[in-house]
Amino acid sequence: MGLIGLGNMGTAIAERLLEAGYPLLVTNRTRGKSAALEVRGAVVASTPRDLAGQVDVILTSLADDDALEAVAADVVASARPRSVLVDVSTVSPGVSARVGSLAGAAAVEYLRAPVSGNPAVVRAGNLTFIVSGAQETLERVEPVLRAIGPTVHHVGDGEQARIVKLAINSMIAGLAQLMAEALVLGESAGVSRAALLDVMGSSAAGAPFVKYKTEPLLRDDFSATFTTALMEKDIDLVLDAADEAGVALPIAREMKRHLRAAIEAGYADDDFIALFLHLRKASGLDEVAAPPASVSEQPEQEVVR
Ligand SMILES: NC(=O)c1ccc[n+]([C@@H]2O[C@H](COP(=O)([O-])OP(=O)(O)OC[C@H]3O[C@@H](n4cnc5c(N)ncnc54)[C@H](OP(=O)(O)O)[C@@H]3O)[C@@H](O)[C@H]2O)c1
């Protein structure tokens, strides 16, 4: 088993595979990110090409289209016939299809397997996979996916998983902005953040995402589990897919504007719930409020998307 890409998600996925007892070969563009995994038993390959020649299942968890396309070219150059490339990144259907062609030409099987969750969700064993590709290929690697997370949706045999993932992320981005607006409205009228989040969480609008973000918001913790920059990347992909399909997505288009403004204001590397900080500042409220006294009453949960 091999894993390429030891970012926030890749590292958490590697930990799950090691916990499940899989022998694991890893590699990452920037060296040094594998040190903690080596201590836990992972073996480090020097390059994606080196890794791909040694395993039958190759997982990739990479930032974007360019990263996947570059790494996939190296992988198929050395992968064994009938090995399986499983990409869990969020990328465009177009680049994914090109990777599919490359893989097919090298007799490498290919699954698109973008994920819904975040590093904390992975570590808690709750990651959801949205998979498209051949059913028989999924059957071959399903035990590996289930060792990482319990939910596997098979949504088609082509690029469908890419679209489903983008559609869900479009909803998450919109929800983050609406939470930000609700909190700014509440705070500007003297309602405490804790009280508003408490009611929000138990209301009809209290989606899992609201609950995941409650604790970090109460702690004023905007460290990234998913950066504002990566969410902008996803909304760009959503808008490209919408243009290609000839459909208008007015809220997604609006989210591009909000994410860009937050990035230009310096929140690119923060978690994308920093949309709230950005709106708070733009609204003239103090940038950071003291954590409310009722923090300890909230469940200990971490972020998300
Ligand atoms: N974080 C989440 O909550 C979450 C949830 C669902 C889906 N996703 C998706 O999962 C993917 C990974 O997300 P993440 O949060 O783990 O991102 P991340 O922490 O930024 O990690 C990105 C990974 O991609 C590698 N990379 C970037 N450009 C590269 C290139 N040109 N060539 C080779 N490697 C390259 C990085 O290597 P370096 O270490 O060298 O930079 C790193 O290993 C993204 O597509 C994201 O949209 C993330």
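Data block above holds the structure.
Being a predicted model, the structure only gives us computed values, none of them experimental. Every chain's residues receive numbers from 1 upward, in the order its sequence appears when written. At least 70 in pLDDT is required for a residue's local features to be given in this predicted model, at least 80 for side-chain atom pairs to be given and counted, and no such filter applies to totals for whole chains, interfaces and linings, which use all residues.

**Q** Can you help me understand the overall build of the protein in this one?
**A** Numbering of helices and strands runs from the N terminus, with a helix taken as a DSSP run of H or I at least four residues long and a strand as a DSSP run of E at least two residues long. In terms of helices and strands, the protein carries 13 helices and 9 strands. A radius of gyration in this sense is built from C-alpha atoms; the matching globule rule multiplies 2.2 Å by the number of residues raised to 0.38. Its C-alpha atoms give the protein a radius of gyration of 20 Å, within 12% of the compact-globule value 19 Å for 305 residues. Along the longest, intermediate and shortest principal axes, the C-alpha atoms of the protein span 65 × 50 × 35 Å. Restricting the contact set of the protein to residue pairs at least 6 apart, pairs at least 24 apart contribute 68%. Here contacts are defined at the residue level, using C-beta atoms placed from the backbone and a cut-off of 7 Å between them.

**Q** Got a minute to help me understand helix α7 (residues 135–148) in this structure?
**A** Each α-helix turn comprises 3.6 residues. Residues three or four places apart therefore point the same way. The terminal C-alpha atoms of α7 lie 19 Å apart, and with 14 residues this matches the ideal 20 Å at 1.5 Å per residue to within 8%. The largest bend along α7 measures about 55° and falls at V141, with the proline P143 one to four residues further on. A helix is expected to span 1.5 Å multiplied by its residue count minus one. Throughout, the bend at a residue refers to the angle made by two axes, fitted to the seven residues ending there and to the seven starting there.

**Q** What should I look at first to understand the site of the ligand in this one?
**A** Close to the ligand lie 27 residues; G7, R29, T30, A67 and N118 are nearest. Listing elements by their share of the shell around the ligand, those giving two or more residues are α1 (8–19), α4 (65–78) and α11 (228–245). The element that contributes the greatest number of residues to the shell around the ligand is α4, accounting for 4 residues. Here the residues of the shell around the ligand are counted per class, giving 10 nonpolar, 12 polar and 5 charged. Each residue receives a C-beta atom built from its backbone; the residue is near a molecule or strand if that atom lies within 6 Å of it. All amino acids are sorted into three groups, where Ala, Val, Leu, Ile, Met, Phe, Trp, Tyr, Cys and Pro are nonpolar, Asp, Glu, Lys and Arg are charged, and the leftover types, Gly among them, are polar.

**Q** Would you mind going over the pairing of strand β8 (residues 128–132) with me for this structure?
**A** Two faces make up the sheet, and in a regular strand the side chains alternate between them. Most of β8 sits inside the fold, with 4 of its 5 residues counted as buried. Here a strand pair is declared whenever DSSP counts at least two bridges between the two strands. Examined bridge by bridge, strand β7 (residues 115–116) and β8 share 2 bridges and lie antiparallel to one another. Considered in β8, the bridge of V115 is made with F129. Sheet topology places β8 next to strand β9 (residues 151–156); 5 bridges connect them, and they run parallel. Our exposure labels follow a C-beta count within 10 Å of each residue's own C-beta, placed from the backbone: buried means 20 or more other C-beta atoms, exposed means 12 or fewer, and partly exposed covers the counts in between.

**Q** Would you mind going over the nonpolar core with me for this structure?
**A** One recurring pattern in soluble globular proteins: nonpolar side chains tend to sit buried together. Membership of the largest hydrophobic core comes to 49 residues, with the highest contact counts inside it found for I13, A14 and L85. When sequence neighbours within four positions are dropped, the list of residues in contact with I13 reads L3, L59, S61, V122 and I148. Formed by 33 residues, the second largest nonpolar core is a distinct cluster that contains I163, L166, A224 and L237. Under the definition applied here, buried Ala, Val, Leu, Ile, Met, Phe, Trp, Tyr and Cys residues are grouped into a nonpolar core through C-beta atoms within 7 Å.

**Q** Teacher, can you tell me more about the environment of S92 here?
**A** Here S92 shows up in the loop between β5 (84–87) and α5 (93–105). Overall, S92 belongs to the buried group, with 24 C-beta atoms counted inside 10 Å. Measuring from C-alpha to C-alpha, the distance between S92 and A35 comes to 31 Å, with 57 residues separating the pair along the chain. Contacts of S92, omitting those with residues within four sequence positions, involve D65, R162, L237 and D240.

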